[in-house]
Amino acid sequence: MMKTASRASSITRRKLLKTSAAGAALAAFPAPLIAQTKPFAGVTLHGASFQHRFFTLLQKYIPEFEEKTGMKVDLQLSALPVYNQQANLELSSGGSAYDFVNVTFTLATRWIAAGLLANLDEFTGDANLTPVEWNPKDFVDGAQVPYRDGKGATYGYSWEGGAMLMGLSRMDLMEKKGLKIPKTFAELAQVCAEINGTDGVNGMVSWFLHNWNLPPYIQGFGGNVFKNPPGDVMPALNTPEAIQGVEFYANLLKSAPKGVLTYTEDQARQSMLTGRSNIFIHSSAWVTPILLSDESKVKDTSRVVRSPAGPVHDYPASNSQGLGIPRNAKNQKAAWEFIKWALSPEISMKLVREHGHSSVCRRSIITSEDYRKLNTVNGQDLGALYLEVLELPGKGENYMAYRTSKEFPIVGDVLNKAFEQVATGQLPAKDAMNAAQDQAIAALRRAGTKL
């Protein structure tokens, strides 16, 4: 009996020794399954952007991402001007406070040229970091143009697209007057003037960012903000074409509500939703609510179409916002994991299906049946319109290069002030734009730009 007990004790000791050895081996070589389950356990990822509905929606799903990866995501959101100032300072000073950032459309070229962002091709080109099905080429090319350098390397992926469209809220009034949807600048001016004042309705509405609203008119007449951006950034604010565009847009705003020069996007949108203004030309997300929003009082009388074409060019404005990784980020692989997840086909489709979020930049989503069903109203395929305009800068001439040139913020501010002088009658367009040309050149030289 004692022999049996001794043998049993010996077997138990051998089992314990084997178990201990196995445990030590596991400690030295962690099981792949465990590593894959929580690959970033203990990492806190710091990111920043401006406040936007995309991130408000995304935050609902971030806990799932944290559970899957083991990391914690600290996403800081602030007003656009505040974010731009803080991010620009942080990146320019070589800081490492952020692991991922919004690459703001108007700052993208500046940040890329200064080498402040990581080359994302290093991540997408590594099969261990990015699966084939993530497909970088699925992003609409026109939305990706701002996030590439001269050699074609990618420094951001677009999460938001803005395609300039025209919304008309009072087709009933237009039909009574025998007016058709305007397709040219001349027809636009006629419709705005004839509708203005009818049943208390304004001909059109706009908002205060004139350096977004105005350039399509300047380009439509054959001008530009710079001579030939991004290579030649000599301002071109006082050319005959630019002056003609300024005069035309200022005359359009005579049909707009009083105080329109200081209107916010929300005020302009509300004016359309209630039918107080007939025409609003802006990014699709701000125009399509006349058909899609529960607040709209004009769904039955509204249309959304392409912006009118100028006599020389048909250049509707478009833009995008992208996610990128600072060059000095401490957790670059974790940051890519977040960007890869946030802009994945799966999350993009979730935002479309569950929240009706339409300003995605993946072609496969925009052309999907689910997207088309949600964005086809009264026979109008809003997705097709959005895609058509969004991809234009990627075809042929990149006519939006003026806005992604690093000098644009300086010249854009000058353009804003000059246009207000014209629209308020303080100066004739020619005088205001001659002065603006001199001011823009002087401001750029003070900033160190060689012209």
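Residues numbered from 1 in each chain as written. Predicted model: local features only at pLDDT ≥ 70, side-chain atom pairs only at ≥ 80, totals over all residues. Heavy atoms only, no water.

S.K.: Tell me about the overall build of the protein, and please be specific about residues and values.
M.R.: On a plain count of helices and strands, the protein comes out with 24 helices and twelve strands. Counting all 451 residues of the protein, 53% fall into the buried class. The long-range fraction of contacts in the protein, counting pairs at least 24 apart against all pairs at least 6 apart in sequence, stands at 74%. Charge separation in the protein, taken as the distance between the mean sites of 47 positive and 42 negative side-chain charges, equals 9 Å. (Helix = DSSP H or I, 4+ residues; strand = E, 2+ residues; numbered from the N terminus. Buried < 20%, exposed > 50% of the residue type's maximum accessible area, 1.4 Å probe, protein only. Contact = heavy atoms within 4.5 Å. Lys, Arg positive; Asp, Glu negative; His and termini not counted. Charge placed at Lys NZ, Arg CZ, Asp CG, Glu CD.)

S.K.: Explain empty space enclosed by the protein to me, using residue names and the numbers behind them.
M.R.: If you walk through the whole model with that rule in mind, you get six cavities of 30 Å³ or more. Considered as a void within the structure, the largest cavity measures approximately 100 Å³ in volume. Lining the largest cavity are 14 residues, with Phe-185, Pro-216, Ser-307, Pro-308 and Tyr-315 positioned closest to its centre. A per-element tally of the lining of the largest cavity places helix H12 (residues 215-220) first, with three residues. Looking at side-chain class alone, the lining of the largest cavity contains nine nonpolar, four polar and one charged residues. (1 Å grid on protein atoms, 1.4 Å probe; cavity = no way out; pocket = protein on both sides within 12 Å on 5 of 7 lines; lining within 4 Å. Points joined across faces, edges and corners; volume = space filled by probe spheres on them. Nonpolar A, V, L, I, M, F, W, Y, C, P; charged D, E, K, R; others polar.)

S.K.: Give a detailed account of the pattern of salt bridges, specifying residues and quantitative values.
M.R.: Taken as a whole and judged by the stated rule, the model has 14 salt bridges. Here Asp-370 ties to Arg-353 by a salt bridge, and the two come within 2.5 Å at their closest N and O atoms. Residue Asp-370 is located in helix H20 (residues 369-374), and its partner Arg-353 is located in helix H18 (residues 345-355); the two are separated by 17 residues in the primary sequence. Taking the relative accessible area as the measure of exposure, Arg-353 reaches 55% and is therefore exposed. Measuring nitrogen to oxygen at the nearest pair gives 3.1 Å for the salt bridge that ties Asp-381 to Arg-372. A relative accessible area of 24% places Arg-372 in the partly exposed class. In this structure, a network of salt bridges that share partners links the residues Arg-306, Asp-314 and Glu-388. (Salt bridge = Lys/Arg side-chain N within 4 Å of Asp/Glu carboxyl O.)

S.K.: Tell me about the packing of aromatic side chains, residues and numbers included.
M.R.: Across all of its chains, the model carries 24 aromatic pairs by this definition. For the pair Phe-185 and Tyr-217, a centre-to-centre distance of 5.3 Å together with 50° between the ring planes defines the contact as tilted. Taken together, the positions of Phe-185 in helix H10 (residues 185-195) and Tyr-217 in helix H12 put the pair 32 residues apart, joining distant regions of the chain. Accessibility classification places Phe-185 together with Tyr-217 in one group, the buried group. An aromatic cluster of three or more residues is present, and its members are Phe-185, Tyr-217, Phe-221, Phe-248, Tyr-249 and Phe-419. Above the ring of Trp-134, the side-chain terminus of Arg-362 is found at 4.9 Å from the ring centroid. (Phe/Tyr/Trp six-rings, centres within 6.5 Å; stacked < 30°, edge-to-face > 60°. Lys NZ or Arg CZ within 6 Å of the ring centre and 35° of its normal.)

S.K.: I'd like to hear about helix H17 (residues 332-342), residue by residue, with values.
M.R.: Counting buried positions over the eleven residues of H17 gives eight, a clear majority of the element. Within H17, burial applies to Ala-334, Ala-335, Trp-336, Phe-338, Ile-339, Lys-340, Trp-341 and Ala-342.

S.K.: Residue-level account of the side chain of His-210, with values.
M.R.: Along the chain, His-210 turns up in helix H11 (residues 210-213). Discounting chain neighbours no more than four positions away, the residues touching His-210 are Pro-215, Leu-261, Asn-416, Phe-419 and Glu-420.

S.K.: I'd love a proper account of helix H21 (residues 382-390), names of residues and values included.
M.R.: Within H21, seven of the nine residues are buried, leaving the element largely enclosed by the surrounding structure. If you check which residues of H21 are buried, you get Leu-382, Gly-383, Leu-385, Tyr-386, Leu-387, Val-389 and Leu-390. The backbone nitrogen of Gly-383 has a side-chain oxygen 3.2 Å away, supplied by the residue at the start of H21, namely Asp-381. (Polar contact = N/O pair within 3.5 Å; in protein donor to acceptor, adjacent residues only side chain to side chain.)

S.K.: Can you break down the layout of surface pockets residue by residue, with the values?
M.R.: Taken as a whole, the largest pocket spans an internal volume of roughly 1,600 Å³. Around the largest pocket, the lining comprises 48 residues; the ones closest to its centre are Phe-50, Leu-80, Trp-207, Glu-265 and Trp-286. Top contributing element to the lining of the largest pocket by residue count: helix H23 (residues 408-423), with five residues. In the lining of the largest pocket, the residues fall into 18 nonpolar, 22 polar and eight charged.

S.K.: For the packing of helix H4 (residues 62-69) against H17, give the residues involved together with the corresponding values.
M.R.: Two numbers describe how H4 lies on H17: the axes approach to 12 Å, and their chain directions differ by 135°. Comparing their axes, H17 and H4 come out oblique. The interaxial crossing formed by H4 with H17 has right-handed handedness. Residue-level contacts link Ile-62, Phe-65 and Thr-69 of H4 to Glu-337, Phe-338 and Trp-341 of H17. Taken together, the residues of the contact of H4 with H17 sort by class into four nonpolar, one polar and one charged. (Axes fitted to C-alpha atoms, helices over the stretch in contact; angles between N-to-C directions. Parallel < 35°, antiparallel > 145°, perpendicular 65-115°, else oblique. Left-handed = near helix turned anticlockwise from the far one by under 90°.)

S.K.: Explain the environment of Glu-122 to me, using residue names and the numbers behind them.
M.R.: As for its placement among the helices and strands, Glu-122 is situated in helix H7 (residues 121-124). Judged by its relative accessible area of 58%, Glu-122 is exposed. Separated by 52 residues in sequence, Glu-122 and Met-174 have C-alpha atoms that sit 54 Å apart.

S.K.: Tell me what's going on with the environment of Leu-253, and back it up with residues and numbers.
M.R.: With respect to the secondary-structure elements, Leu-253 resides in the loop between helix H13 (240-252) and helix H14 (265-273). The spatial distance from the C-alpha of Leu-253 to the C-alpha of Ala-79 is 28 Å, given a sequence separation of 174 residues. Beyond its immediate chain neighbours, meaning those up to four positions away, Leu-253 contacts Met-204, Ser-206, Val-260, Leu-261 and Phe-419.

S.K.: Describe the side chain of Asn-375, listing the residues and the values that go with them.
M.R.: Following the sequence through the fold, Asn-375 ends up in the loop between H20 and strand S11 (376-377). Among the residues examined, Asn-375 registers a relative accessible area of 5% and is labelled buried. Here Tyr-371 takes part through its backbone oxygen, which lies 2.9 Å from a polar atom of the side chain of Asn-375.

S.K.: Could you give an account of the pairing of strand S8 (residues 277-283), naming the residues involved and the relevant values?
M.R.: The buried fraction of S8 amounts to seven of the seven residues, a majority that puts the element mostly inside the structure. Sheet analysis places strand S4 (residues 157-168) next to S8, joined by five bridges and oriented antiparallel. Its bridge partner being in S8, Gly-167 is matched across the sheet by Phe-280. (Pairing = 2+ DSSP bridges.)

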